[in-house]
Amino acid sequence: MAFPVDLRRCQALGLAGTAFLALGGETAGALPTRDLLSPASGRGALGLVCVYFGVVLLIAAWALLGKVVRGPEPPTPRALLVVLLVWAAPLLLAPPLFSRDVYSYLAQGAMVDAHMDVYAHGPARLGGPLADEVAPVWRHTATPYGPVFLAVAAALSALTEGRIPQGLIGMRMVALLGVALMAVALPRLARHHGGDPAVALWLGALNPLVLLHLVAGAHNDAMMLGLLGVGLVAARGRRYALGVVLVTLAALVKAPAALGLLAVVVIRGRTDWVRTTVTTVAVATATTAGVTALTGTGYGWIAALRTPVSPNNWSPTTLLGRATTNLLHALGSDHLAPFALPAWRAAGLAVTLAVVLFVWLRLRPGPVHALGLSLAAVAVLGPAIRPWYALWGLFLIAAAARNTSAQHRLVATTGVLALAVLPSGDPADTEQFALAVCGGVLAVVVLWQAHQASSAPALERTA
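Below you will find a few notes about this structure. (Residues numbered from 1 in each chain as written. Predicted model: local features only at pLDDT ≥ 70, side-chain atom pairs only at ≥ 80, totals over all residues. Heavy atoms only, no water.)

Considering the overall build of the protein chain
A tally of regular secondary structure across the protein chain gives 20 helices and zero strands. Expected size for 463 residues packed as a compact globule is a radius of gyration near 23 Å; at 23 Å, the protein chain falls within 12% of this value. Structurally, the protein chain occupies a C-alpha span of about 70 × 60 × 55 Å along its principal axes. For the protein chain, the proportion of contacts with a sequence separation of at least 24, taken over those separated by at least 6, is 74%. (Helix = DSSP H or I, 4+ residues; strand = E, 2+ residues; numbered from the N terminus. Rg over C-alpha atoms; globule rule 2.2 N^0.38 Å. Contact = heavy atoms within 4.5 Å.)

A look at the environment of Thr-414
Mapped onto the secondary structure, Thr-414 falls in helix α19 (residues 404-417). Among the residues examined, Thr-414 registers a relative accessible area of 1% and is labelled buried. (Buried < 20%, exposed > 50% of the residue type's maximum accessible area, 1.4 Å probe, protein only.)

Topic: the nonpolar core
Counting 136 residues, the largest nonpolar core has Leu-65, Trp-87, Met-171, Leu-206, Leu-232 and Leu-396 as its most contacted members. Beyond its immediate stretch of four places on either side in the chain, Leu-206 contacts Trp-62, Leu-65, Leu-80, Val-83, Leu-84, Trp-87, Leu-201 and Leu-211. (Core = buried A, V, L, I, M, F, W, Y, C linked by side-chain atoms within 4.5 Å.)

Thoughts on the layout of surface pockets
Here the second largest pocket defines a volume of roughly 480 Å³. If you trace the second largest pocket, you find 22 residues lining it, with Ala-376, Val-380, Ala-390, Leu-410 and Thr-413 closest to the centre. At the level of secondary structure, the elements contributing two or more residues to the lining of the second largest pocket comprise α17 (367-381), α18 (390-400) and α19. Broken down by element, the lining of the second largest pocket gets its largest block of residues, six residues, from α17. Partitioning the lining of the second largest pocket into residue classes produces 17 nonpolar, three polar and two charged. (1 Å grid on protein atoms, 1.4 Å probe; cavity = no way out; pocket = protein on both sides within 12 Å on 5 of 7 lines; lining within 4 Å. Points joined across faces, edges and corners; volume = space filled by probe spheres on them. Nonpolar A, V, L, I, M, F, W, Y, C, P; charged D, E, K, R; others polar.)

Some details on unusual backbone geometry
Non-glycine residue Phe-98 carries a positive phi angle of around 75°. For Phe-98, the position within the fold is in the loop between α3 (77-88) and α4 (101-113). For His-115, which is not glycine, the phi dihedral falls at a positive 65°. Relative to the helices and strands, His-115 is located in the loop between α4 and α5 (128-133).

Structural notes on empty space enclosed by the protein
For the structure on display, the rule yields two cavities of 30 Å³ or more. Here the largest cavity defines a volume of roughly 70 Å³. As for the largest cavity, its lining consists of Leu-106, Gly-109, Leu-130, Ala-153, Leu-156, Ser-157, Thr-160, Gly-162, Arg-163, Ile-164 and Gly-167. Listing elements by their share of the lining of the largest cavity, those giving two or more residues are α4, α6 (147-160) and α7 (164-192). Element by element, the count of residues in the lining of the largest cavity is highest for α6, at four residues. Split by residue class, the lining of the largest cavity holds five nonpolar, five polar and one charged. In this structure, the second largest cavity occupies an estimated 40 Å³ of space. Along its surface, the second largest cavity is lined by Tyr-105, Phe-149, Met-171, Val-174, Ala-175, Ala-218, His-219, Asn-220 and Met-223.

Here's the deal with the packing of helix α1 (residues 7-28) against helix α2 (residues 42-69)
Running from N to C, α1 and α2 cross one another at 160°; their axes reach a closest spacing of 7 Å. Between α1 and α2, the angle falls in the class roughly antiparallel. In this structure, α1 crosses over α2, and the sense of that crossing is left-handed. In terms of residue class, the contact of α1 with α2 is built from 20 nonpolar, nine polar and one charged. (Axes fitted to C-alpha atoms, helices over the stretch in contact; angles between N-to-C directions. Parallel < 35°, antiparallel > 145°, perpendicular 65-115°, else oblique. Left-handed = near helix turned anticlockwise from the far one by under 90°.)

Some remarks on a nonpolar patch on the surface
A cluster of nonpolar residues, Phe-433, Val-437, Val-441 and Val-445, forms a patch on the protein surface that exposes about 350 Å² of accessible area. Following the sequence through the fold, Val-445 ends up in helix α20 (residues 430-462). (Patch = residues over 30% accessible without salt bridge, like charges linked within 9 Å, V, L, I, M, F, W, Y side chains within 5 Å. Areas by Shrake-Rupley, 256 points an atom, 1.4 Å probe, with all protein chains shown as cover. Salt bridge = Lys/Arg side-chain N within 4 Å of Asp/Glu carboxyl O.)

Some thoughts on the pattern of salt bridges
Under the criterion given, the structure shown has four salt bridges. Across the salt bridge formed by Glu-133 and Arg-100, the nearest N and O atoms sit 3.0 Å from each other. Taken as a pair, Glu-133 in helix α5 and Arg-100 in the loop between α3 and α4 lie far apart in primary sequence, 33 residues in all. When its relative accessible area of 4% is taken as the criterion, Glu-133 is described as buried. Accessibility expressed as a relative area gives 13% for Arg-100, which makes it buried.

Brief notes about α19
Taking 1.5 Å as the rise per residue, α19 with 14 residues should run 20 Å; its terminal C-alpha atoms sit 20 Å apart, in good agreement. Taken as a whole, α19 has its buried residues at Ala-406, Gln-407, Leu-410, Thr-414 and Gly-415. Buried-residue contacts for α19 involve α2, α8 (197-204), α9 (208-215) and α18. (Expected span 1.5 Å × (residues − 1).)

Re the side chain of His-193
Counting through the fold element by element, His-193 comes out in the loop between α7 and α8. Exposure remark for His-193: the relative accessible area of 12% places this residue in the buried category. Sequence-distant contacts of His-193, that is, excluding residues within four places in its chain, are made with Arg-236, Val-368, His-369, Ala-399, Ala-400 and Arg-402.

Concerning the packing of aromatic side chains
Enumeration over the complete set of coordinates arrives at seven aromatic pairs. Aromatic side chains Tyr-145 and Phe-149 sit 5.6 Å apart centroid to centroid with 75° between the ring planes, which places their arrangement in the edge-to-face category. Plain terms: the ring middles of Tyr-389 and Trp-392 are 4.5 Å apart, the flat faces sit at 20° to each other, and that makes the pair stacked. In this structure, Tyr-389 and Trp-392 share a single accessibility class: buried. Here the aromatic residues Tyr-105, Tyr-145 and Phe-149 are joined through ring pairs into a cluster of three or more. (Phe/Tyr/Trp six-rings, centres within 6.5 Å; stacked < 30°, edge-to-face > 60°.)

So, in structure tokens, the structure goes:
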């Protein structure tokens, strides 16, 4: 007997998942340093189990919702937006989860508000309580973020007067606005590509990675993707110039969104490539110059783009570089070892360029789909990778991909990455890994028991 699935069950199960996430985060999340508990403490261990229990419930709710969306009576996009709001609600006042990056955002905003150069100095230059909350690896690191995000962070710092609790809530509100823009853009992009708006919303906005990292983690990727999405929608309609401006603003949050300008050119340049390209470059340049002048942050962000290449980051190319470095040291080639990591990273960038060219020139799946694949390549093959970077490509592929196999790959990727990071944002030790597994297994057991309980009455009626 199949597990009975309907929208209300999915909504309730996902709400239970995010509620457990928020509850566990109170003791196991990326808390302010004064509130941090030892992972070995009873409350810390219980919180970690609780978080992973909630994550698995949320993944299950999302997977079941996918059956509803593809069923004979799929919910409307409006109904799915209600589900998104319900699932997100418990996370609104929860502590930061899965990363301490939001503290870096607050510190960088305070630095800009204090007229410090964030492209030359890390948060350690600011000093005080905010700098103490930043992860040690980033305290002396310049920011790679563009002037649009820094202007928002600085305004928030001035509004909250540097108070951490209020600042955290403010950053989460900014992230929620970005997620709202994503949700607005997805159905429209899907319709332009002949796709199902409900499926696009399910894959791209109700995705557990969105809730775990953009909402609970308050990452600025939400702002980038929201602006990128509505910019592409505008470019497809009658507001081409507005589309270029919005995509440029997205790139002035985080640089990878600049690839969106290529999609805009392809969308609008079917009859006059040269004129469209020149116009796009001119509008983007004027937008960049105007925003930079208004914010007063300068162009230091261009040089600061090398920040993700710091030795503390990891990615496939970085891991290969470190392994090669260790091998060369073991073989006695100490003079070659220092070049291994830069060589692998350069190879990663070269492969990224090759993939992007192949997608746009040979594969040609459509501009939005091509942009999604390109951003996925940048995330995977770049010098740094985080689970939420997967959303760069996933968001757009969700809107443009129409074949079921591609959607299944997105679901599998989401399931794996949703379990990849501890709620504190710290590396896992053996004990924490065991606790996380216990939380996930407990959720699976509960789901199985619920399945059995719901199937039994139906089997009795059949008999």
